[in-house]
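The chain contents come next:
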Amino acid sequence: LPIFNVADPRIKSAILFTLHTGLRVGELVSLTWENVSLKQGPNGYITITAEKSKSKRARHIPLTERAREVLDRLPRSIRKDGLVFSTFAGRPDGLLRKAFRKALTAAEVEGVTWHTLRHTYASRLVMAGVDLPTVKELLGHSSIQTTMRYAHLSRPHVEEAISKLHFCCTRENRSEQKGGA
């Protein structure tokens, strides 16, 4: 990503973590160490409590290897309720958004917001073959229609899908030509 070359080092870990968890900005800046479990599953998971979730439902998000690496590099609070991304003091409107906008400007990237990272997470999941109900749960959406608005497919992904259809139909045509069904 071009933004990584110019982003303030204090927000790079937050960008990467968001790309690998799909957290909303408020969920990210309010995530505490007591809601991080690094001992469960291959890379651990985080819990977004109902109080901090937009849908008012708790959810558990398994961590990717990269998300786990981000957490391993962050300083730990001695308090369980200490913020994971303590740089932002629990506020999305200060350093985080300003530094992100500054990096976007420097990278000459337009039409992107912090929320775009959440859309990218959803799109990557769908392009990796994850079904929409699972993506819905990971994002904490209450309806599948909302999730579908997040699942943008890349041009190469769409072209690959069409090539599979072409392959399928080509085999089908050969079968028909040989007297098959």
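Peer 1: What is the right way to read unusual backbone geometry from this model?
Peer 2: Unusually for a residue other than glycine, lysine 56 sits at a positive phi of about 65 degrees. Relative to the helices and strands, lysine 56 is located in the loop between strand E2 (45-48) and strand E3 (59-62).

Peer 1: Can you walk me through empty space enclosed by the protein in this structure?
Peer 2: Take a probe with the size of a water molecule and roll it over the atoms, and the empty space left behind shows itself. Enumeration over the complete set of coordinates arrives at 1 cavity of 30 Å³ or more. Surrounding the largest cavity, Glu27, Ser30, Leu31, Asn35, Thr47, Ile48, Thr49 and Lys52 form its lining. Of all the elements in the fold, those that place two or more residues in the lining of the largest cavity are helix H3 (25-30) and E2. For the lining of the largest cavity, the residue count by class is 2 nonpolar, 4 polar and 2 charged.

Peer 1: Which parts of the structure should I look at to understand the nonpolar core?
Peer 2: A general trend in soluble globular proteins is that nonpolar side chains are found buried together. Within the largest apolar cluster, 42 residues are counted, with the highest numbers of intra-cluster contacts made by Ile15, Phe17, Ile46, Phe85, Leu96 and Trp114. Listed by contribution, the elements that provide at least two residues to this core are helix H2 (9-21), H3, E2, helix H4 (65-73), helix H5 (95-106), helix H6 (114-127) and helix H7 (132-139). In contact with phenylalanine 17, other than residues within four places in its own chain, are Leu23, Leu28, Leu31, Ile46, Leu63, Ala67, Val70, Leu71 and Phe85.

Peer 1: Please clarify how the packing of aromatic side chains should be interpreted in this entry.
Peer 2: The geometry of an aromatic ring pair is captured by two quantities: the separation of the ring centres and the angle between the planes. Applying the stated criterion to the full structure yields 2 aromatic pairs. Ring centres of phenylalanine 17 and phenylalanine 85 lie 5.4 Å apart, and the angle between their planes is 55 degrees; this geometry places the pair in the tilted category. Of this pair, phenylalanine 17 sits in helix H2 while phenylalanine 85 sits in the loop between H4 and H5, and the two are 68 residues apart along the sequence. Residue classification places phenylalanine 17 among the buried positions, given a relative accessible area of 0%. Ring centres 4.8 Å apart and planes at 70 degrees place the aromatic pair phenylalanine 100 and tryptophan 114 in the edge-to-face group. Here tryptophan 114 lies in helix H6 and phenylalanine 100 lies in helix H5, a separation of 14 residues in the sequence.

Scoring rules and cut-offs
- Every chain is numbered independently, its residues counted from 1 as its sequence is written.
- Only residues with pLDDT of at least 70 are given local features in this predicted model, and only at 80 or more are side-chain atom pairs given and counted; all residues enter the totals for whole chains, interfaces and linings.
- Note: side-chain values were computed over all heavy atoms of the structure, leaving out hydrogens and water.
- A run of DSSP states H or I qualifies as a helix once it reaches four residues; a run of E qualifies as a strand once it reaches two. Both are numbered from the N-terminal end.
- Every definition here rests on a 1 Å grid over the protein atoms only: cavities are sets of points where a 1.4 Å probe fits but cannot get out, pockets are open sets enclosed by protein on both sides within 12 Å along at least five of seven lines, and lining residues have some atom within 4 Å of a point.
- Grid points are joined across faces, edges and corners, and a volume is the space filled by probe spheres set on the points.
- Under this grouping Gly is polar, as are all residues other than the nonpolar Ala, Val, Leu, Ile, Met, Phe, Trp, Tyr, Cys and Pro and the charged Asp, Glu, Lys and Arg.
- In this text, buried Ala, Val, Leu, Ile, Met, Phe, Trp, Tyr and Cys residues form a nonpolar core when linked through side-chain atoms within 4.5 Å.
- Burial classes: relative accessible area under 20% of the type maximum marks a residue as buried, over 50% as exposed, and values in between as partly exposed (1.4 Å probe, protein chains only).
- Contact definition: two residues touch when any of their heavy atoms are within 4.5 Å.
- Two aromatic rings from Phe, Tyr or Trp, using only the six-membered ring of Trp, form a pair when their centres are within 6.5 Å; if the ring planes differ by under 30 degrees the pair is stacked, by over 60 it is edge-to-face, and anything between is tilted.

The values reported here are purely geometric and, on their own, carry no functional implication.
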